[in-house]
Amino acid sequence: MTVDAALEIRQITKAFDLGAGRSVTAVKDINFAVERNSICVLLGPSGCGKSTILRMMAGLETPTSGEIVIGGRTVDGPGRDRGMVFQAYTSFDWLSVRRNVEFGMKINGVAPAERHERAEHFINLVGLGKFADAYPSQLSGGMRQRVAIARTLANDPEVLLMDEPFGALDAETRWLMQELMIDVAEKTNTTMVIVTHDLEEAIFLADKIVFLSSHPGRVKEEIVPAFKNGKRIGDKERAVKLDGYAELESKLMHLMREEGRGIE
Amino acid sequence: MPASSSKTPFFQLRKPVSRRQSLISALGIWVVFFGVWVFASSTGMVNELLVPAPQQVFATTFELFFGRGFASDVLISISRVIGAFAMAAAVAVPLGVLMGSFPAIEAIFSPFVSAWRYLPAPSFIPILLMWFGTGEAPKLALLFIGVIFFLITLIMDHTKNVREELVETALTLGAGRGTVVARVIFPAVLPDITVALRQMLAMAWTYLVIAEIVASTTGIGAMMMRARRFLNTDEILSGIIVIGVLGLGFDLLFAALHRWAFPYLRKARS
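So, how was this worked out
Residue positions are counted from 1 within each chain, in the order its sequence is given. Think of it this way: whatever chain is written first is A, whatever ligand is written first is 1, and the rest follow in order. For a predicted model such as this one, the threshold for reporting local features is a pLDDT of at least 70, and the threshold for listing and counting side-chain atom pairs is 80 or more; totals across whole chains, interfaces and linings nevertheless cover every residue. Where helices and strands are cited, they refer to DSSP runs of H or I of at least four residues and of E of at least two residues respectively, numbered from the N terminus. A radius of gyration in this sense is built from C-alpha atoms; the matching globule rule multiplies 2.2 Å by the number of residues raised to 0.38. Counting other C-beta atoms within 10 Å of a residue's C-beta gives its exposure: the residue is buried at 20 or more, exposed at 12 or fewer, and partly exposed in between, where C-beta atoms are placed from the backbone. Residues are scored as being in contact if the C-beta atoms we place from backbone atoms lie within 7 Å. Pairing between two strands requires that DSSP report at least two bridges joining them. Angles here are taken between N-to-C directions and fall from 0 to 180 degrees, while the axes themselves are lines fitted to C-alpha atoms, restricted in helices to the stretch in contact. By definition here, a helix of n residues has an expected span of 1.5 Å times n minus one. Along the arc lie the directions from the helix axis toward the C-beta atoms. Joining buried Ala, Val, Leu, Ile, Met, Phe, Trp, Tyr and Cys residues through C-beta atoms within 7 Å gives a set, and that set is a nonpolar core.

Attention shifts here to the overall build of chain A. Scanning chain A for helices and strands turns up eight helices and 10 strands. Taking 2.2 N^0.38 as the reference for a compact globule, 264 residues should give roughly 18 Å; the C-alpha atoms of chain A span a radius of gyration of 19 Å, in line with that estimate. Judged by the C-alpha coordinates and their principal axes, chain A covers about 50 × 50 × 35 Å. Across the 264 residues of chain A, 44% fall into the buried class. In chain A, once contacts between residues fewer than 6 apart in sequence are set aside, the share between residues at least 24 apart is 70%.

All names here are of chain A. Read from one edge of the open sheet, six strands run S6-S7-S8-S3-S9-S10, paired in mixed fashion. Here the strands that pair on one side only, and so sit at the sheet edges, are strand S6 (82-85) and strand S10 (218-223). Across the sheet, the axes of successive neighbouring strands diverge by a mean angle of 20 degrees, strand direction being ignored. Of the strand pairs in this sheet, strand S3 (residues 39-43) and strand S9 (residues 208-213) are connected by four bridges, and their pairing is parallel. Residue pairing in the sheet places Leu43 in a bridge with Phe211 of S9.

Below, the discussion takes up helix H2 (residues 54-67) of chain B. Along an α-helix, residues three or four positions apart point the same way, because every turn accommodates 3.6 residues. Residue and element names in this part refer to chain B. Here H2 is 14 residues long and its end C-alpha atoms lie 19 Å apart, about the 20 Å a rise of 1.5 Å per residue gives. Within the span of H2, buried status applies to Val57, Thr60 and Leu64. Looking straight down H2, one finds that the buried residues subtend no more than 60 degrees of arc, so they occupy a single side. Exposed positions of H2 whose direction lies more than 90 degrees from the buried face are Phe62, Phe66 and Gly67. Packed against the buried residues of H2 are helix H3 (70-101) and helix H10 (233-261). Trailing H2 by a residue or two, Gly69 shows a phi angle of about 65 degrees, which is positive.

Moving on: the nonpolar core. Among the nonpolar cores identified, the biggest contains 65 residues, and Val41, Leu42, Met57, Ala150, Leu161 and Val193 of chain A are the most heavily contacted of them. Looking at this core, the element that brings in the most residues is helix H4 (residues 141-154) of chain A, giving six residues. Excluding residues that lie within four positions of it along the chain, Met57 of chain A makes contacts with Leu7, Ile68, Val75, Arg82, Leu161 and Val193 of chain A. Counting 53 residues, the second largest nonpolar core, distinct from the first, contains Val81, Ala88, Ile152 and Ile193 of chain B.

Structural data, given as structure tokens:
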């Protein structure tokens, strides 16, 4: 791997202690790299440990062996260089949208003038300009995820980690949010790692898909969606019509099914 | 009797009632209550010495306040409740939040607090009197002991219920432990803390009356014990009513505080 890696996962194994001397291996011997400014999607059936890998990247879990390297440093606990967006809503209900977005900058000592400016910029980027002074409880689910994304980006992380960020949203909103993420990636050059079990989402967003097998999770295959010719497509309707989209989808379906059988 | 198909039944399963109906219902039950009371005491069904008529109780209440300086007793009682309760809250809120945030702190204090919670506070009265004499201190101590251990446990439990994702979000935004507690966990649990304080304040009133009945010459409870000696049942009932009204007043005050302090909890989805 000679690519310019923002994040490297080196020989990661994670076992969870179940008590009474028993343990279960969630993921085993994971190796892959996330290229700088790219969107990397972790895809796989449930139980493949994709969320565990993401949480180890965030520093919220500790690998049993192996290491995760970001910018030459080994990950040791959570930090602002790896911002995370969760599936569950995480807006701070007692703060307005604007103050939510400013939160990370404020605790990290960014000067007020710069803070306000950056907050404004990212609120507009995710399309919440009109709602800057609203409270999260007044917003829909999709809008709350926009707040979480703006809050994380405004904090200027090296990598944006997303754990099934649109899983709780209805189909139409999810589709809009996926297009928003392409737009954000193009405009901000943010490196993203996105966990999903949604094939369409994976194909549409990914510059590279890391497909994981289950029990224990291992990297089964790294797939670069060739039909995109190295360019992102910002319009989902257009993406599904391209040559090669359907083939990739059926290939992933096949992989999913193969893995799914192992569980029963 | 089955309801006719065109008419909606009076008792509708889980359908909210109108504002007007709930007001009439609330007044109705009190009218019935006082009606029975008036009837029973004026017809001689009950001994008027033991159960004086409500109109007499209200007249006595008026007389107590404006003729016999009862207001100063009420003020003393209120200041005891507020003083002891404020001290208990000043300890319980930070301790409960820390115990709910750090399992290591919970491990230290939880076994201690749980044990004290099972000891009835009034059982401390004799020893409190020996330690603190008959001044304000034993009363404040009883109220303090009576509410603090429940308050700590309630606040700890509410703090534990703050969602893990909020904590993890703050950590991945670069927050340290102290920042997470002060700027995420505490504001997230504050509305629930307010509710817990509101519930425990009612308990503080209970202990106040016990303290004043057992060992006091001032306050609402002491007035009621004096009245007992002279068989003034109307004054005893006045005291009960005043305590009830004060409790209700404080409860409404807390409810108003909750609405004012946490406007973001009002669901105004447009």
